[in-house]
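Results of the structural survey
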Amino acid sequence: MIPVNEPLLNGNEEKYVRECVATGWISSEGQFIDRLEKMFAEFCGRRYGVAVCNGTAALEVALYAAGIRAGSRVIMPSFTIISCALAAIRLGAIPLLVDMEPATWCMDVEQAARLMPRTDVSAVMPVHIYGHPVNLDPLLAAGAKHNVAIIEDIAEAHGAEYLSEYRSPPQWKKCGSFGKVAAASFYANKIITTGEGGMVLTDDDEVLARARSYRNLCFGKLERFRHEDLGYNFRLSNLQAAVGVAQMERAAELVAKKRQIADWYHEELQAVAGVRLQPAMPWAHPVYWMMAVELSRDAGKKAVEVMEALKSYQIGTRPFFMGLHAQPVLRQYVEIADGGCPRTEAAYEYGFYLPSGIALTREQAHTVGEALKKVLRQ
Ligand SMILES: Cc1ncc(COP(=O)(O)O)c(C=O)c1O
């Protein structure tokens, strides 16, 4: 079986974990936490990082730290993981769902920018889908004008860069360095992994203090057990951070490997009729977290059918996100922007992603490419 993802832990991961065990620093204090926070923040072009136990928690901490008001709207794509909506809902805010931009599968920023003058909108959450940057400039402009916080989700986009022309001179900057605060996931299928884990990124001292407090039960500053708010235990352990530090030591290599995998798949599939790969827009240096494909409508096949057939060739796949607007469990908690999310619905029916783990070999990419071609011809 060629799995959809397989992490590569062949650096100092084991050595550093052993060090934690040998020294007894196994909980959420320890040098690896500090090192990971510094290394990842620096990698993303940020002043501060706050390590947390997963990406879902990172999103909630980010929204809390940015001061998102209960009852206010957080604009986000419908085409994303439920974690984005949960973060807002748990804080009493309301996800306001927009459709996708069909070329990149990222949020429709024009639609989002049109909603940002609304007085009940407090934040917008660009999610860099499958490692392709969202076109952030329209959001940055509308955010500054209407006092709407930009909260990036970079779970799938460690190392991706966006060419911003919002301030002159135009500048390529890492995803996660725009806006008030950003959230990352370090789940095992992410480019940098700690097994489970995440991080909140910011340049703002107040956001930093609020994020650290919320992650750790909002303990009182003067009297420890007089809590300042209803926080959580969202702490990451030093053991997990040890894995993360080893990963960060070769962050550039891991990102380069993802881009290489994408090059292999482009070689295999670009001339194949009926499939479309995620493009790189002129303002984007994507990292191709997963090699996503969308079947053309006239290919006569839907994603489920092709995924099932690939399984018979021992090839793992994952479907695209089902839109949040279509989730029965969310219905009472979300607002859907006018016009609904028809492009998200179509993408769900026709899109899926191929094995793209860091450990994938050239030969495996070829095997996957050949199998997909056969399945499409059947
Ligand atoms: C875009 C996005 N945001 C957030 C998350 C949540 O991260 P975690 O699984 O670490 O909670 C994921 C996870 O896959 C994701 O893809």
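Residues numbered from 1 in each chain as written. Predicted model: local features only at pLDDT ≥ 70, side-chain atom pairs only at ≥ 80, totals over all residues. Heavy atoms only, no water.

Each disulfide is one covalent bond, formed between the sulfur atoms of two cysteines. The full count for this structure, using the stated rule, is 0 disulfides. Cys-175 supplies the cysteine sulfur nearest to Cys-44, a cysteine that is in no disulfide, at a spacing of 8.9 Å. Unpaired in this structure, Cys-218 has its nearest cysteine sulfur neighbour in Cys-53, at a distance of 14 Å. (Disulfide = S-S within 2.5 Å.)

All right, on to the packing of aromatic side chains then. A full pass over the atoms with the stated rule returns 20 aromatic pairs. Between Tyr-130 and Tyr-353 the ring centres are 5.5 Å apart and the planes differ by 65°, which places this aromatic pair in the edge-to-face class. Pair noted here: Tyr-130 is in the loop between strand E4 (121-124) and helix H6 (137-146) and Tyr-353 is in strand E15 (residues 351-354), with a separation of 223 residues, a long-range link. One aromatic cluster is present, built from ring pairs that chain together Phe-79, Trp-105, Tyr-130, Trp-289, Phe-320, Phe-321 and Tyr-353. One cation-aromatic arrangement involves Lys-174 over Phe-43; the distance from NZ or CZ to the ring centre is 4.2 Å. (Phe/Tyr/Trp six-rings, centres within 6.5 Å; stacked < 30°, edge-to-face > 60°. Helix = DSSP H or I, 4+ residues; strand = E, 2+ residues; numbered from the N terminus. Lys NZ or Arg CZ within 6 Å of the ring centre and 35° of its normal.)

What follows concerns the domain arrangement of the protein chain. Looking at the protein chain, the domain boundaries give domain 1 (13-248) and domain 2 (251-377). Taken residue by residue, the interface counts 49 residues in domain 1 and 44 residues in domain 2. Here domain 1 meets domain 2 over a buried area of about 3900 Å², counting both sides, of which 65% is carbon and sulfur. Counting across the interface, domain 1 meets domain 2 through 4 salt bridges. Residue Arg-343 is joined to Asp-108 by a salt bridge in which the shortest nitrogen-to-oxygen separation is 3.4 Å. (Domains from an automatic or database assignment. Contact = heavy atoms within 4.5 Å. Buried area = accessible area lost by both parts, 1.4 Å probe. Salt bridge = Lys/Arg side-chain N within 4 Å of Asp/Glu carboxyl O.)

By size, the foremost hydrophobic cluster in this structure holds 111 residues, and its most contacted members are Phe-40, Ile-75, Tyr-130 and Leu-139. No other element matches helix H3 (residues 55-65), which puts 8 residues into this core. Two domains each provide a minimum of three residues to this core, namely domain 1 (13-248) and domain 2 (251-377). The contacts of Leu-139, once residues within four sequence positions are left out, are Met-107, Val-109, Ala-112, Ala-113, Met-116, Val-124, Pro-126, Val-134 and Ile-150. By size, the runner-up hydrophobic cluster in this structure holds 29 residues, among which are Ala-262, Leu-269, Tyr-350 and Leu-354. (Core = buried A, V, L, I, M, F, W, Y, C linked by side-chain atoms within 4.5 Å. Buried < 20%, exposed > 50% of the residue type's maximum accessible area, 1.4 Å probe, protein only.)

Of all residues adjacent to the ligand, which total 14 residues, the nearest are Thr-56, Asp-153, Glu-156, Ser-185 and Lys-190. A distance of 2.6 Å separates an oxygen atom of the ligand from a polar atom in the side chain of Thr-56. The separation between an oxygen atom of the ligand and a polar side-chain atom of Glu-156 is 2.6 Å. When isolated, the ligand has an accessible area of 390 Å², and the protein chains bury 90% of it. Here the shell around the ligand is composed, by residue class, of 5 nonpolar, 6 polar and 3 charged. (Near = heavy atom within 4 Å. Polar contact = N/O pair within 3.5 Å; in protein donor to acceptor, adjacent residues only side chain to side chain. Areas by Shrake-Rupley, 256 points an atom, 1.4 Å probe, with all protein chains shown as cover. Nonpolar A, V, L, I, M, F, W, Y, C, P; charged D, E, K, R; others polar.)

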